[in-house]
Amino acid sequence: MARLSLLLFLLDTSRVASLSAGAAAASTRGPLLSAPTPPPPRARMDHAPRAIRTVARETSHAIVVGKSRFLATAARVATAEEANERARRLADPRARHNCFAWRLAGGATRTNGDGEPGGTAGPPILAAIEAAGLHDVLVLVARYRLGEGGKLGTGGLVRAYGGAARACLEQAEAVVVEARVAAVARFFAADTGAVFGLIEPFSPDVTVLPTEPPETLAKFDVDPADFPRLAEDICSATSGRVKCFLLEDDEPEM
């Protein structure tokens, strides 16, 4: 029993010494859980809108391949809605096929083969737009049959649609313009009508972003030259309740 008591005494003495040494070391290193150093404030950068190449005006050009005539029309567009509507208006009901592609400054693209074999019409048109280095451009190629027979086959269709689009874009005058910029408006339900009514003439495409109710965030694209006036009009029409911000690479401060 005496030996057991002595052993327990020695163990307790050793643990106390160990704890004392640890406390001394901690006091030389500083507190174990010091408050984190706050990061430096992130600088807000004003990014100038990048310039893009697009077509100056609507241009058409036709080529004949085999027993088909391919009429290509290139037009400048600014939004997906405008591009699709323009394609609808350019489509000729007398043509066998009305195939198109468009490419926007933000990177969005779309192709439509209008019943031609997959990959033989829309993608070659888009490839011609990309090869020309153009944005905010729609190219529609209408195919008219000049007689029976003379099928072009898959490769022939790719070359015909792509060639018609390429020739049309070579004829078109290219201009360098500032790309449209993305902006967002933050508002409550009572101001929905005023906000959308003022934005629509400048940007037909408005996207409602997910957020916590009762607030609403509306994202839209606008010409950089029009943004200051649009933001001022929205602020004035809502008695200062609604603010608009440009969306930059960093999250906007709202």
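The name an unreviewed UniProt entry gives the chain is Impact N-terminal domain-containing protein, with Prymnesium parvum as the organism. If you open the UniProt record of the chain and go to Sequence similarities (unreviewed entry), you find "Belongs to the IMPACT family."

Pro 214 follows Pro 213 through a cis peptide bond whose omega is 10°. Looking at where Pro 214 falls in the secondary structure, it is placed in the loop between strand S9 (206–209) and strand S10 (215–222). One non-glycine residue with positive phi stands out, namely Asp 136, at about 55°. Mapped onto the secondary structure, Asp 136 falls in the loop between helix H3 (122–131) and strand S6 (137–145).

Moving on, we get to the packing of aromatic side chains. Applying the stated criterion across every chain, the model contains 2 aromatic pairs. With 6.2 Å between their ring centres and 85° between their planes, Phe 187 and Phe 196 make a pair best called edge-to-face. Classification of Phe 187 by relative accessible area gives buried; the value is 2%. You can call Phe 196 partly exposed: its relative accessible area is 28%.

For the pair H3 and helix H4 (residues 153–171), interaxial distance at closest approach is 8 Å and the crossing angle is 30°. Considering only the axes of H3 and H4, their crossing is right-handed. Of the residues in H4, those touching H3 at Pro 124, Ile 125, Ala 128 and Ile 129 are Val 158, Tyr 161, Gly 162, Ala 165, Arg 166 and Leu 169. Residue classes in the contact of H3 with H4 are distributed as 8 nonpolar, 1 polar and 1 charged.

Attention shifts here to the sheet that holds strand S3 (residues 68–76). Within the open sheet, the 5 strands sit side by side as S2-S3-S6-S4-S5. Their pairing is antiparallel. For this open sheet the edge positions go to strand S2 (59–65) and strand S5 (109–112), each flanked by a neighbour on one side alone. Looking at each pair of strands side by side, their axes are set apart by 15° on average, direction ignored. Taken strand by strand, H3 contacts strand S4 (97–103), S5 and S6, and its axis lies near 40° from that of S4. Packing of H4 onto the sheet brings it into contact with S2, S3, S4 and S6, and relative to S2 it is tilted by some 145°.

Let's shift gears to the nonpolar core. Judged by nonpolar contacts, the single largest core of 24 residues is most densely connected at Ile 125, Val 139, Val 141, Tyr 161 and Leu 169. Contributing elements (two or more residues each) for this core: S3, S4, H3, S6 and H4. For this core, the leading source of residues is H4, giving 7 residues. If we ignore the near neighbours within four places in the chain, the residues touching Ile 125 are Cys 99, Phe 100, Ala 101, Val 139, Val 141, Tyr 161 and Ala 165. Formed by 16 residues, the second largest nonpolar core is a distinct cluster that contains Phe 220, Ile 234, Val 242 and Cys 244.

Criteria and thresholds
- Residues numbered from 1 in each chain as written.
- Predicted model: local features only at pLDDT ≥ 70, side-chain atom pairs only at ≥ 80, totals over all residues.
- Heavy atoms only, no water.
- UniProt positions renumbered as here; feature names shortened; annotations may be inferred.
- Helix = DSSP H or I, 4+ residues; strand = E, 2+ residues; numbered from the N terminus.
- Phe/Tyr/Trp six-rings, centres within 6.5 Å; stacked < 30°, edge-to-face > 60°.
- Buried < 20%, exposed > 50% of the residue type's maximum accessible area, 1.4 Å probe, protein only.
- Axes fitted to C-alpha atoms, helices over the stretch in contact; angles between N-to-C directions.
- Left-handed = near helix turned anticlockwise from the far one by under 90°.
- Contact = heavy atoms within 4.5 Å.
- Nonpolar A, V, L, I, M, F, W, Y, C, P; charged D, E, K, R; others polar.
- Pairing = 2+ DSSP bridges.
- Core = buried A, V, L, I, M, F, W, Y, C linked by side-chain atoms within 4.5 Å.

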